[in-house]
Every structure is written in structure tokens, then in C-alpha cells.
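These are the residues of each chain, in order.
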Amino acid sequence: MKTLILGGVRSGKSRLAERLARESGRPVTYIATATAGDAEMSERIAAHRARRPVDWAVIETPLALAATLHAHARADGCLIVDCLTLWLTNLLLANDEQALARERQALLDTLAVLPGDILLVGNETGMGIVPLGELTRRYCDAAGWLHQDIAACCDRVLLTVAGLPLALKGELP
Amino acid sequence: MKTLILGGVRSGKSRLAERLARESGRPVTYIATATAGDAEMSERIAAHRARRPVDWAVIETPLALAATLHAHARADGCLIVDCLTLWLTNLLLANDEQALARERQALLDTLAVLPGDILLVGNETGMGIVPLGELTRRYCDAAGWLHQDIAACCDRVLLTVAGLPLALKGELP
Amino acid sequence: MKTLILGGVRSGKSRLAERLARESGRPVTYIATATAGDAEMSERIAAHRARRPVDWAVIETPLALAATLHAHARADGCLIVDCLTLWLTNLLLANDEQALARERQALLDTLAVLPGDILLVGNETGMGIVPLGELTRRYCDAAGWLHQDIAACCDRVLLTVAGLPLALKGELP
């Protein structure tokens, strides 16, 4: 089962992914795309980490997401990717259009054939005013398109608001 | 049947409107409210255009939306308006309060009596932080009120997220 | 019955709260957290006020929300809090971390035991790009966490879009 969980800032999307992973009863591998670039991000990462069971494997993957998923997916396992939009931001900041297109396509191709439970977390950032700035606009476009493409190949898509999930595709957990 | 389709940036709202128009089996008239003010917008318009069937009539209407709808609605036809929020922005930028109020009321009056299938697309921009700037705040207020008023006179209101529709009013297509 | 109503700018969240209060048939106390700091806010407050029945009691409470709720809740009454996010902003601007933590906890503790109908209105601001600025980021985090905690102790949570409610928890009204 592949599940995409979208949600705004502090909407409970990571918590929901972690709950679904625990409830799967499977061994969990947590793929973190964040890199501790500043103090605020370090704190956020530490807070996420403190919440996770100690027996979860954690892999930090800022860019090569498809390769990491391919290497770690198992028919009886559960993978969490938290989150897609940070991975996309890392690729945009790397400023290499070809690498972005290649990694993006590799992710979609890999997702289509991965065994086991996969939980993908993404920030929903498309329902506000888009601020000025070329990078922000590129990000908004790229994130919207990515979420559409990932949603199309997931069995279940959920939107979290105030910690509560809405089902966009498939059934509520 | 009148349908309002709201959604964030790159959420698949235009695609959904175009799919519903194709599936209606009716002759389609596409009313574009965008004007190619800069290179980025020209590209966006070209991308939208490349996606549409060649037998669709296309009418560019930055301001006089009610008159265009009135002139082109037919009992056996299907109209797409893409999008309401650009039309509203065009009116706000024209900086004529009376024209804005008049065109807005004309749209609501016209919608109430139009024959045929009408698909109206709007940007949902109200669920983020409202940036500073008087025009942006006026836009956010005006867009929210407009969507409420249009929703009240539509049979069906859908919100797209990641390419997937949620039904706010009426049934999912 | 405790109801949390979230929604974006001009999404109809206050109107929905006011409709549910009227339909309750109970005496209504309206708790306003806004303070008329500038002309725009004064206008918004006046517009809200003009819409409300004259027999509703109105109490302005920018900070001490838990105490006000505690003092005014009655088993046969209906309280509206409009809105949580302005109250949170008032606390953040007061720049006293301990007062914020204390008032926040007092609200959650009080809500758990309040009698009667309680309608809480909050701005959903988490689904756009988070603008730069430390206060804005703190606000977004605090609002998201607050909404999650309030939602957990409400019987019903609704999200309004274009004046139409989606049920996140419990039944649609």
C-alpha cells in the first residue's frame, strides 16, 4: 500500500505517517530528507527524532531519494519519506535542471514498482498567496505537479488539517 | 449544471474542468481571463492552450465576463471560465471600484440564469498567511467573498488537492 | 457540544459559527478577541458586529480567554469565540513566553470541562508558503499546534471553503 499524506504547517502529517507506520506492525525505515542547515532546522529535526521509536532505522537522503527507496524497500517492511517537499527544495537549490528532472522521474518510476508499505509525506503549500520571487514560484509549480504525479500512483491520499485526515483517494485509515 | 472548481497552485483544477468539459460531449467554449502581461504568463497560457482540443472555441475576456458568458451560453453547450481569480485581479488592477462592483454583480446575475453547462475555475488562496500590502489584502477579501457568492449559486463545488477533487457541494464527478 | 470551525480568509467561518449559534436557540455570548488596533481592523470589527443579533452579549477578550470562557459558560447557553488565531497573535505580540504557555494550557484545561455549546473559530493559515520572518514562523507553528490540540478535545471540527463546510471530525451541521 502506497500512501501520500499532504498537509500544511503543523497539521499533523508527520505524526499521522508515524502512527500508520507503527500500526503496520512492520519493521520501519524512516527516510529523512532534511539537512540541518541552520539552528531552527536542527531543532525541528531533533524534535521529530525524539518522537520516533528507537528501533526504527533512519536514513538521511537529501537528494538521491529513488536510490534510497530502491535499496530499502522490502515486501514485509514499511518506509516513511518525510518529506517530499524538502527533497524537492534540496533539488531546486542545487540548481541543476537535469538532475532535478532525472531524480524526479526516477522517483516516479521507482514508486510504481516498490514492494511493501510506503508512506510519503508532503507539505501542502499551494492554497495561499504565492509570494514574489522566482525560486518560490518555481517551487510552488514543482511541488503542485509532483504531488499530482505522486498522488496518481498512490493507493491512498490523505490531507491533514488540525491533526485530522481527509481522504482525497482511498479510505481513511 | 453549474460547477465551481477551486484549488491551489498546480492542484489540477484546470485539468479537472477540461476533463469535465470533454466528458460532457457538448461543444465547448473556453473563456480565458488571462492576459499575457509578461513572459512567464505567456508560457503558462501557451501550456494551457497546448492541452486543449483544437475544436474548442477560445475567447479572451480579461474584464467583461458577464457579457461574454451571456453571449456564448447555449442550452446544449459547455462553457469553461479559467479563471475567476485572474478576472478579479484584472478588475482590481484597473482600480475602478464602481466597475468592479458592477462587473461582479453582473456576473452573479448572469450566472443565475445561464443555460447549459458552466464550469468556473478559481484559485484558492485563502489558507496561507496573507502577505503585507494593501492590494494583496483587498484581493484576498474580494476572492473569498466572490467564491462564497459563486458557490452559493452553483450546483456543485469541488476543491482540488494534488489533482484529486473533494466535494464541497453536490456529488463528486 | 464543542465545535471548532477552521477556514481561510473570507471563507465563511464566522458566518457559519453565527448560524450555528442562532440555530441552537440558546442565549448567545460572543467572545471577540480582536482589538481595534488600526482603521482596517476597526472596519472589520464593525462589519462583524452589524451582522450579529442585538440580543447577543458581546465580550472583548484579547488575552484572558480561559477565564472569560469559565465565567460565561452555562449548560443552556452558547458561546462563540471569534477567533482563536487573533487571541494567539495577541499573546505572541505580548512577547511573554510564560504567559503564552499558561494561557494556552488554561484554555485546553477549561475547554475540557465547559458546559453548554461552544463554537470556536480559527484561521487556517498553514497551507501556503510560510513567509520569512521569525514571528510569522512562530505564529504558524503555534497556530498549527493549537488547532491540533483544540481539535482533539472538540466533538466536531469543520473546515470552511467558499462558505461551505467540510467535516474533519463529527457530522456536518
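The rules behind the values
Residues numbered from 1 in each chain as written. Chains lettered and ligands numbered in written order. Predicted model: local features only at pLDDT ≥ 70, side-chain atom pairs only at ≥ 80, totals over all residues. Heavy atoms only, no water. Helix = DSSP H or I, 4+ residues; strand = E, 2+ residues; numbered from the N terminus. Rg over C-alpha atoms; globule rule 2.2 N^0.38 Å. Buried < 20%, exposed > 50% of the residue type's maximum accessible area, 1.4 Å probe, protein only. Contact = heavy atoms within 4.5 Å. Areas by Shrake-Rupley, 256 points an atom, 1.4 Å probe, with all protein chains shown as cover. Pairing = 2+ DSSP bridges. Axes fitted to C-alpha atoms, helices over the stretch in contact; angles between N-to-C directions. Buried area = accessible area lost by both parts, 1.4 Å probe. Salt bridge = Lys/Arg side-chain N within 4 Å of Asp/Glu carboxyl O. Polar contact = N/O pair within 3.5 Å; in protein donor to acceptor, adjacent residues only side chain to side chain. UniProt positions renumbered as here; feature names shortened; annotations may be inferred.

### As for the overall build of chain A
Piece 1. The helix and strand tally for chain A stands at six helices and seven strands.
Piece 2. In sequence order, the secondary structure elements of chain A are arranged as β-α-β-α-β-α-β-α-α-β-α-β-β.
Piece 3. Relative to the globule expectation of 16 Å for 173 residues, the C-alpha radius of gyration of chain A, 15 Å, shows essentially globular dimensions.
Piece 4. Taking the principal axes of its C-alpha atoms as reference, chain A extends roughly 45 × 35 × 35 Å.
Piece 5. Expressed as a percentage of the 173 residues in chain A, the buried residues total 55%.
Piece 6. Nonlocal contacts in chain A, meaning residues at least 24 apart in sequence, comprise 76% of its contacts between residues at least 6 apart.
Piece 7. Of the accessible surface of chain A, which amounts to about 7,400 Å², a share of 54% is contributed by carbon and sulfur atoms.

### Quick look at the sheet that holds strand 5 (residues 117-123) of chain B
Residue and element names in this part refer to chain B.
Piece 1. Pairing is mixed across the open sheet formed by seven strands, whose spatial order is 3-2-4-5-1-6-7. The open sheet has two edge strands with one neighbour each: strand 3 (57-60) and strand 7 (164-169). Taking the axes of each pair of neighbouring strands and ignoring which way they run, one obtains an average angle of 20° across the sheet.
Piece 2. Note that strand 4 (residues 78-82) and strand 5 share five bridges and pair parallel. Paired with Val-81 across the two strands is Leu-120, which belongs to strand 5.
Piece 3. Contacting strand 1 (2-7), strand 5, strand 6 (156-161) and strand 7, helix 6 (residues 134-152) runs over the sheet at an angle of about 150° to strand 1.

### Some remarks on the interface of chain A and chain B
By a widely used convention, the size of an interface equals the accessible area lost when the partners come together.
Piece 1. At the interface, 21 residues of chain A touch 23 residues of chain B.
Piece 2. Both faces considered, chain A and chain B share a buried interface measuring about 1,800 Å² in area, 66% of it formed by carbon and sulfur atoms.
Piece 3. Of all residues in chain A, Met-127, Ile-129 and Gln-148 of chain A bury the most surface against chain B, accounting for 40% of the area lost on that side.
Piece 4. Residue Arg-10 of chain B is joined to Asp-141 of chain A by a salt bridge in which the shortest nitrogen-to-oxygen separation is 2.9 Å.
Piece 5. Linking chain A with chain B are five residue pairs in polar contact (both at pLDDT 80 or more), by the criterion used here.
Piece 6. For the side of chain A that touches chain B, the elements supplying multiple residues, two or more each, are helix 6 (134-152), strand 6 (156-161) and strand 7 (164-169) of chain A.
Piece 7. The element best represented in the side of chain A that touches chain B is helix 6 of chain A, accounting for eight residues.

### Looking at the interface of chain B and chain C
Piece 1. Each partner contributes residues to the interface: chain B has 21 residues there, and chain C has 23 residues.
Piece 2. Summing both partners gives a buried area of about 1,800 Å² for chain B against chain C, and 67% of it is carried by carbon and sulfur.
Piece 3. Three residues stand out in chain B for area buried against chain C, namely Met-127, Ile-129 and Gln-148 of chain B, and they jointly supply 39% of the buried area on that side.
Piece 4. For the interface between chain B and chain C, the tally reads one salt bridge.
Piece 5. In this structure, the connection of chain B to chain C is made through five residue pairs in polar contact (both at pLDDT 80 or more).
Piece 6. Every element with two or more residues in the side of chain B that touches chain C is listed here: helix 6, strand 6 and strand 7 of chain B.

### Some details on the UniProt feature "active site" (unreviewed entry) in chain A
Residue and element names in this part refer to chain A.
Piece 1. If you check UniProt for "active site" (unreviewed entry), the listed places come out as His-48 in our numbering.
Piece 2. Looking at the element boundaries, His-48 is found in helix 2 (residues 39-51).
Piece 3. If sequence neighbours within four positions are ignored, His-48 has contacts with Ser-14, Glu-18, Tyr-30 and Asp-82.

### Digging into the pattern of salt bridges
Residues and elements named next belong to chain A.
Piece 1. On inspection of all chains with the given rule, the structure shows 18 salt bridges over all chains.
Piece 2. In this structure, Arg-26 and Asp-117 form a salt bridge, with 3.5 Å as the shortest nitrogen-oxygen distance. Separated by 91 residues along the polypeptide, Arg-26 in the loop between helix 1 (13-24) and strand 2 (28-32) and Asp-117 in strand 5 (residues 117-123) bring together distant segments of the chain.
Piece 3. With a shortest N-O distance of 2.8 Å, Asp-149 and Arg-104 are connected by a salt bridge. Here Asp-149, found in helix 6, pairs with Arg-104, found in helix 5 (residues 97-113); they are 45 residues apart in sequence, far enough to count as distant.
Piece 4. You can call Arg-104 buried: its relative accessible area is 19%.

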